[in-house]
Amino acid sequence: MTSPQDFLGFWETTGSAKTFTHPLDPALLDAYVPRGAHVLDYGCGYGRLTAELAGLGYRAVRGVDVSAALIARGRREHPELDLLRWAGFPLPFEDGAFDAALLFAVLTCVPGDADQTAIAGELGRLVRPGGVLYLSDVPLQGDALNQERYARFAERYGTYGVFETPDGGVFRHHPPERLRGLVRAAGFSVLAERRGSVGTLDGRTAERLQLVARREPNEAAEGG
Ligand SMILES: C[S@@+](CC[C@H](N)C(=O)[O-])C[C@H]1O[C@@H](n2cnc3c(N)ncnc32)[C@H](O)[C@@H]1O
């Protein structure tokens, strides 16, 4: 049986030296998130996109990651950024503390359903009603290499789309409806979708799916 902790070890070792390449779409961000917004970059790694946000003029950005090695690297590479290492939930922020959250190439690194649900749910707590979640991830791919490895690892992980890479990583590609469902279950409604291609950690290209979603009002707050 594999626990979430086993997957996290990769991000403290081999994974912490990788170059991440999953690109932000500044025009899409700009359409939904104003420059003064408080933005959380969850699963920020070494702060690649946190730094890009700051460079685009976003003045209140914070990055959080579970990996101590990646946050240490981020602090070395971007000492001006506000980067926090935090494992587990809740994160140390109030409900609705952020106007927007980024979740970029994180769910693809989280093989388990419950862990994915916990991440989406925590972002549902942290993004204020009316605020925005901007997610980009990797849906199931149609090419032979990916389909072969999905089939090969499906029994071991109990999920079609989860696979191991030769360097010890465990990744997951998702049916698009699963990504939409995770976001909806966390209290968001999808406003926009974009497809395109991205470079992957192993130097290939993959199709990606971007979702921009708005946090719905809390029912409890509406009733109170
Ligand atoms: C491919 S990197 C992307 C980093 C960053 N978002 C970027 O695009 O540059 C995936 C990140 O997810 C983090 N991660 C891995 N497993 C996680 C988990 N179970 N919960 C939260 N974050 C996780 C890793 O530490 C890593 O920083």
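An unreviewed UniProt entry lists the protein chain under the name Class I SAM-dependent methyltransferase, with Streptomyces auratus AGR0001 as the source organism.

K.L.:
I keep staring at unusual backbone geometry and nothing clicks. Help me out?
P.N.:
Glycine aside, residues mostly have negative phi angles, and peptide bonds mostly take the trans form. In this model, phenylalanine 89 is joined to proline 90 through a cis peptide bond whose omega is 5°. With respect to the helices and strands, proline 90 occurs in the loop between strand 3 (83-85) and strand 4 (98-104). Phi at alanine 105 is positive, roughly 55°, even though this residue is not glycine. Structurally, alanine 105 is set in the loop between strand 4 and helix 5 (113-126).

K.L.:
Before we go on, may I ask you to explain the site of the ligand in this structure?
P.N.:
Close to the ligand lie 22 residues, the nearest being Trp11, Phe20, Gly43, Gly45 and Ser67. Those elements that provide at least two residues to the shell around the ligand are helix 1 (4-12), helix 3 (48-55) and helix 5. When residues of the shell around the ligand are assigned to their parent elements, the largest contribution, four residues, is made by helix 1. In terms of residue class, the shell around the ligand is built from 15 nonpolar, four polar and three charged.

K.L.:
Could you clarify how one ought to interpret the packing of helix 5 against helix 7 (residues 176-185) in this entry?
P.N.:
How two helices sit against one another is set out by the angle between their axes and by the gap between those axes. Viewed as axis vectors pointing N to C, helix 5 and helix 7 meet at an angle of 45°, and their least axial separation amounts to 8 Å. Compared by their axis directions, helix 5 and helix 7 come out oblique. The two elements helix 5 and helix 7 cross, and the hand of that crossing is right-handed. On helix 7, the residues touching Gln116, Thr117 and Ala120 of helix 5 are Leu182, Val183 and Ala185. Split by residue class, the contact of helix 5 with helix 7 holds four nonpolar, two polar and no charged.

K.L.:
So what exactly am I meant to see when it comes to the nonpolar core here?
P.N.:
Considering soluble globular proteins, one finds that nonpolar side chains tend to be buried as a cluster. One finds Val39, Tyr42, Ala101, Leu103, Leu123, Leu133 and Val183 to be the most contacted residues of the largest nonpolar core, which totals 50 residues. In terms of residue count, the dominant contributor to this core is strand 4 (six residues). If sequence neighbours within four positions are ignored, leucine 103 has contacts with Tyr42, Gly43, Leu123, Leu133 and Leu135.

K.L.:
I'm lost on the pairing of strand 5 (residues 127-137) in this one. Help?
P.N.:
Within strand 5, eight of the eleven residues are buried, which leaves it mostly tucked inside the rest of the structure. Relative to strand 5, strand 4 is paired through six bridges, and the arrangement is parallel. The residue bridging phenylalanine 104 from the neighbouring strand is serine 136, located in strand 5. With six bridges joining them, strand 5 and strand 9 (residues 205-215) adopt antiparallel strand pairing. Among the inter-strand pairings, leucine 135 is bridged to a residue of strand 9, identified as leucine 211.

K.L.:
Help me out: how do you make sense of helix 7 in this one?
P.N.:
Turning to helix 7, its buried residues number three or more, namely Leu179, Leu182 and Val183. Angular distribution of buried residues about the axis of helix 7 spans 95°; they occupy a single face of the element. Exposed residues lying more than 90 degrees from the buried face of helix 7 are Glu177 and Ala185. Buried positions along helix 7 lie against helix 5, strand 5, strand 8 (188-199) and strand 9. Positioned one or two residues after helix 7, glycine 187 has a phi angle of 100°, which is positive.

K.L.:
Is there a simple way to think about the sheet that holds strand 3 in this case?
P.N.:
The pairing of strands in a sheet comes from backbone hydrogen bonds and takes either a parallel or an antiparallel form. Read across the open sheet, the seven strands follow the order 3-2-1-4-5-9-8; overall the sheet is mixed. Edge strands, defined here as strands with exactly one partner in the open sheet, are strand 3 and strand 8. For this sheet, the mean angle separating the axes of adjacent strands, direction not counted, is 20°. Of the strands in this sheet, strand 5, strand 8 and strand 9 touch helix 7, which is tilted by about 25° from strand 9.

Each value, and the rule that gives it
Residues numbered from 1 in each chain as written. Predicted model: local features only at pLDDT ≥ 70, side-chain atom pairs only at ≥ 80, totals over all residues. Helix = DSSP H or I, 4+ residues; strand = E, 2+ residues; numbered from the N terminus. Near = placed C-beta within 6 Å. Nonpolar A, V, L, I, M, F, W, Y, C, P; charged D, E, K, R; others polar. Axes fitted to C-alpha atoms, helices over the stretch in contact; angles between N-to-C directions. Parallel < 35°, antiparallel > 145°, perpendicular 65-115°, else oblique. Left-handed = near helix turned anticlockwise from the far one by under 90°. Contact = placed C-beta atoms within 7 Å. Core = buried A, V, L, I, M, F, W, Y, C linked by C-beta atoms within 7 Å. Buried ≥ 20, exposed ≤ 12 C-beta atoms within 10 Å, placed from the backbone. Pairing = 2+ DSSP bridges. Arc of directions from axis to C-beta.

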